Amino acid sequence: MKTKNLLTMAAMAAVMMTGFASCSSDDDADNSVVNGSLAALDQACMDWKVARANWENTEAFLFGAADVYSIDPHTDTWPVAANDLADVLRDAKSMSNLDNFIKTANSGILGYHGLEYVLFRQGQPRKIDQITTLEYDYICAVAKDLYNATATLEACWDSKESNAERQRLAKEYVATHLAIDDDGNQEGALDGFQNFGKAFKNPGTGDWETALDATLEIISGCQEIIGEVGDSKIGLPYTGEDNTYIESPYAYNSITDFYDNIVSCKNALYGQMDATAPNEKSLIYFCKNAGNATLAAQAGNVEAKLAAALSKIKAMKAPFALYYSDASCKTAMDALGELDDALGEMAETLKGYAGNATVASQCQIINENYVDNVVLATYRTLADNAQKLYQSIVKIKN
């Protein structure tokens, strides 16, 4: 399970352990309003949504660097530990060394949702006269850290190591950030820099023993996020098990998040970023054309269930933060469950090809295309737009 599944109380407790949880007194608070531009704030909010969509488009492949280097929980833990973040945002002493603090702070007050908490209320950008100087300083530091994290993802999947600056940022990130355990706590240094793009393309050199193993990881990555969207992101609030477990509640971006998560699966399976149909080097194309009638039918079923899941999510009553108990949520959950089942059936058939040299050769083609045209392409776009987000946040202040 990903760290974002931790309860808010766990995140709050971990923040308190850092010693930055609260102000010593109200006299420490700096409530001066930032001298800023409303137009620049609006632009930052728009750029947040773009970079947010890019991140959600990566969720079908959170194995590798996002997991090994704790980048997923560091940048995307939710719900926000709102009380603790509010305290930090009033305490100038706590934020006297922000760059260092953010590298080790609990993930419940960082990343996309730390930024969202400051930038949005009830689905709209906050008014510029509501944002304090301390909040501005904080989001600048968080946005910079977010860019560095996304640059690390790009660098770690670039098998050709083609961007020297992002390679430098990645190695610095890995050397200075800490691992995060399943309870959201910091737990020591990260492993050294690895190139997961090379390992995925070259079975036996890293986490994937065979080309088929790597190809099956494409499916399991999709199933991970499909299960999370259906069972947790939608399911926990809908069932009443935890109606505070709402993603992107301040920007009212939840349904867009869910939809973009499943788009990440579509891209992974269809072999291309922004895919509209399977390309000739994709997993789905292979399954439909491998000469196995059962596999072809299963791939066709995956395509149909994928389209249905996207349609049902898009039809959910918005905003989810207000309508999480609507019947449309159950309809979307059911569609996601059917998609998960369809992928599971296809994976089981593919496992029967273990040891088949012809299939292994085709898997190699699928995997190389997947690294370059899905994973790396998405991470590169993400890093580019995270950099733009950081730059637009800096510009909020006149």
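What counts and what doesn't
- Residues numbered from 1 in each chain as written.
- Predicted model: local features only at pLDDT ≥ 70, side-chain atom pairs only at ≥ 80, totals over all residues.
- Heavy atoms only, no water.
- Helix = DSSP H or I, 4+ residues; strand = E, 2+ residues; numbered from the N terminus.
- Rg over C-alpha atoms; globule rule 2.2 N^0.38 Å.
- Buried < 20%, exposed > 50% of the residue type's maximum accessible area, 1.4 Å probe, protein only.
- Contact = heavy atoms within 4.5 Å.
- Salt bridge = Lys/Arg side-chain N within 4 Å of Asp/Glu carboxyl O.
- Phe/Tyr/Trp six-rings, centres within 6.5 Å; stacked < 30°, edge-to-face > 60°.
- Lys NZ or Arg CZ within 6 Å of the ring centre and 35° of its normal.
- pLDDT = per-residue confidence, 0-100.
- Expected span 1.5 Å × (residues − 1).
- Arc of directions from axis to C-beta.
- Polar contact = N/O pair within 3.5 Å; in protein donor to acceptor, adjacent residues only side chain to side chain.

A. Region of interest: the overall build of the protein chain. Across its full length, the protein chain carries 17 helices and four strands. Taken over the C-alpha trace, the protein chain has a radius of gyration of 21 Å; the compact-globule value for 398 residues is 21 Å, and the two agree within 12%. By principal-axis analysis of the C-alpha atoms, the protein chain measures approximately 75 × 50 × 35 Å. Counting over 398 residues, the protein chain shows a buried share of 56%. The long-range share in the protein chain, meaning contacts at least 24 apart out of those at least 6 apart in sequence, stands at 79%.

B. Spatial organisation of the pattern of salt bridges. The tally for this structure, following the rule as stated, stands at 21 salt bridges. Taking the shortest distance from any N to any O, the salt bridge between Glu 154 and Arg 380 comes out at 3.0 Å. Taken as a pair, Glu 154 in helix α8 (residues 133–157) and Arg 380 in helix α17 (residues 357–394) lie far apart in primary sequence, 226 residues in all. The buried category is assigned to Glu 154, whose relative accessible area is 1%. Residue Arg 380 is classed as partly exposed on the basis of its relative accessible area, which comes to 30%. Linked through salt bridges whose partners overlap, the residues forming this network are Arg 52, Glu 56, Asp 76, Lys 233, Glu 247 and Asp 257.

C. View of the packing of aromatic side chains. Inspection of every chain in the model, using the stated rule, returns 17 aromatic pairs. On the basis of an interplanar angle of 85° and a centroid distance of 5.2 Å, the ring pair of Phe 258 and Phe 320 is categorised as edge-to-face. Taken together, the positions of Phe 258 in helix α12 (residues 254–270) and Phe 320 in helix α15 (residues 320–323) put the pair 62 residues apart, joining distant regions of the chain. Accessibility classification places Phe 258 together with Phe 320 in one group, the buried group. Positioned above the aromatic ring of Tyr 323, the side-chain terminus of Lys 317 is 4.3 Å from the ring centre.

D. Looking closely at the confidence of the model for the protein chain. In the predicted model, the protein chain carries a mean pLDDT of 91, and 92% of its residues have values of at least 70. Segment residues 1–27: pLDDT under 50, and 64 contacts once partners within four positions in sequence are set aside and those in other chains are kept.

E. Structural view of helix α9 (residues 164–176). Here α9 contains 13 residues, and its C-alpha end-to-end distance of 18 Å stays within 8% of the 18 Å for a straight helix at 1.5 Å per residue. Every buried residue belonging to α9 is among Arg 166, Gln 167, Leu 169, Ala 170, Tyr 173 and Val 174, and all of these are buried. Taken down its axis, α9 places every buried residue within 165° of arc, on the same side. Opposite the buried face of α9, at more than 90 degrees from it, the exposed residues are Ala 164 and Ala 175. Among the structural elements, α4 (71–76), α8 and α17 are those in contact with the buried residues of α9. Of the residues flanking the start of α9, the one acting as N-cap is Asn 163, its side-chain oxygen 3.2 Å from the backbone nitrogen of Glu 165.

F. Spatial organisation of unusual backbone geometry. Residue Trp 78 is joined to Pro 79 through a cis peptide bond whose omega torsion reads -5°. Looking at where Pro 79 falls in the secondary structure, it is placed in the loop between α4 and α5 (82–88). The omega angle of the peptide bond from Ala 318 to Pro 319 is -5°, so this bond is cis rather than trans. The phi torsion at Asp 274 lies on the positive side, around 60°, for a residue other than glycine. With respect to the element layout, Asp 274 can be found in the loop between α12 and α13 (283–288). Residue classification places Asp 274 among the exposed residues on the basis of a relative accessible area of 55%.

G. Representation of the environment of Glu 338 within the structure. Its location among the elements puts Glu 338 in helix α16 (residues 327–351). Sequence separation between Glu 338 and Asn 301 is 37 residues, and the spatial gap between their C-alpha atoms is 9.7 Å.

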